[in-house]
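Observations on the model geometry
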Amino acid sequence: MSSFNLTRRSFVVGAALSLALAGCGLKPSLAPGGAAQSLFGRLRAREPKTRTDYLFVRRFEERIGLTTTGDLELDYTLDIERKAMGITSDQTTSRYMLAGKATYSVRRTGSDGALAHGTVTAFTGYSATGSTVATQAAQTDAMERLMTQLADLTVARLTAEATRLK
């Protein structure tokens, strides 16, 4: 009987909170007409110079849209560090961690002043216990995952700041 009251009480509290939030005026930023819509078709990333840059820009463009004529430019710097994490008793590394940092700034095309800037960080790992080919494949996959995380975090931050970029 007491678990029924707890479940019923949780439901009532959850329903009350849902109603309160529904009436607060919050609007999803990615919804049609939301704040992030102002970035679509306007924001373009600088040309990638390396494979890592390419992976970052590819994911960024998947999320924010591909444009070549936008009035806003994203400049970014990627820093990646590889650390040995798992070391066996015979001093062989069995696991690595890739830690990444993306420092970004958004400015109007032809302008030097940044409208928004920031830094995001992420990490991922991969195993080095298989063959050399398997380890290289795992490292490549981990790098792609890391760039996806960094691009997604960058888009999330820019989405939060979208009203300042109008």
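Quick note: structure is the one above.
Residues numbered from 1 in each chain as written. Predicted model: local features only at pLDDT ≥ 70, side-chain atom pairs only at ≥ 80, totals over all residues. Heavy atoms only, no water.

Some thoughts on the nonpolar core
The condition that has to hold: Definition used in this section: a nonpolar core is a set of buried Ala, Val, Leu, Ile, Met, Phe, Trp, Tyr and Cys residues joined via side-chain atoms within 4.5 Å. When a residue's accessible area, from a 1.4 Å probe over protein chains only, is under 20% of the maximum for its type it is buried; when over 50% it is exposed; and in between it is partly exposed. Each helix corresponds to a stretch of at least 4 residues labelled H or I by DSSP, and each strand to a stretch of at least 2 residues labelled E; elements are numbered beginning at the N terminus. Only heavy atoms enter the contact rule, under which two residues are in contact if any of them lie within 4.5 Å.
Judged by nonpolar contacts, the single largest core of 31 residues is most densely connected at L43, F56, F60, L74, M147, L150 and L158. Secondary-structure elements contributing two or more residues to this core are strand 1 (43–45), helix 2 (51–64), strand 2 (72–87), strand 3 (93–108), strand 4 (114–127) and helix 3 (132–160). The element contributing the most residues to this core is helix 3, with eight residues. Excluding anything up to four places from it in sequence, M147 contacts T52, L55, F56, L78 and I80.

A look at the pairing of strand 4
Counted only if it meets this: A pair of strands is treated as paired once DSSP finds two or more bridges between them.
Where strand 3 meets strand 4, 13 bridges bridge the pair, whose relative direction is antiparallel. From the neighbouring strand, A102 faces strand 4, where its bridge partner is V120. Linking two consecutive strands that pair antiparallel, namely strand 3 and strand 4, is a turn of five residues; a positive phi of about 85° is found at G110 within it.

Things to note about the packing of aromatic side chains
Note the following rule: The criterion for an aromatic pair is that two Phe, Tyr or Trp rings (for Trp, the six-membered ring) have centres within 6.5 Å, with stacked assigned to planes under 30 degrees apart, edge-to-face to planes over 60 apart and tilted to the rest. Any Lys NZ or Arg CZ that is within 6 Å of a ring centre and within 35 degrees of that ring's normal is treated as a charge sitting over the ring.
A full pass over the atoms with the stated rule returns two aromatic pairs. Summarising the aromatic geometry, the rings of F56 and Y76 are spaced 5.0 Å apart at their centres and angled 40° between planes, so their arrangement reads as tilted. Of the two residues, F56 sits in helix 2 while Y76 sits in strand 2, which places them 20 residues apart along the sequence. Seen from their ring centres, Y96 and Y126 are 5.4 Å apart, and the 20° between their planes marks the pair as stacked. In this pair, Y96 is assigned in strand 3 and Y126 in strand 4, connecting sequence segments 30 residues apart. With respect to class, Y96 is no different from Y126; both count as buried. It is R46 that lies over the ring of Y76; its NZ or CZ is 3.9 Å from the centre. The ring of Y96 has R82 sitting right over it, with the charged end atom 4.2 Å from the ring centre.

Considering helix 2
Note the following rule: Expected helix span is taken as 1.5 Å per residue step, with the number of steps being one fewer than the number of residues.
Taking 1.5 Å of rise per residue, 14 residues should cover 20 Å, and helix 2 covers 20 Å from first to last C-alpha, within 8% of that figure. Residues D53, L55, F56, V57, F60 and I64 constitute the buried set of helix 2. As for helix 2, its buried residues are in contact with strand 1, strand 2, strand 3 and helix 3. Of the residues one or two after helix 2, G65 is the one with positive phi, at around 100°.

Remarks on the sheet that holds strand 2
Convention followed: Interaxial angle, 0 to 180 degrees, is taken between N-to-C directions of lines fitted to C-alpha atoms, where a helix line uses only the stretch in contact.
With respect to topology, four strands assemble into an open sheet ordered 1-2-3-4, the strand pairing being mixed. Of all the strands in the sheet, the pair left with one neighbour each is strand 1 and strand 4. Sheet twist, expressed as the average angle between the axes of neighbouring strands with direction ignored, equals 25°. As paired strands, strand 1 and strand 2 are joined by three bridges and run parallel to one another. Looking at the pairing, R44 lines up with E73 of strand 2. Its contacts with the sheet put helix 2 on strand 1, strand 2 and strand 3, and the angle it makes with strand 2 is roughly 125°.

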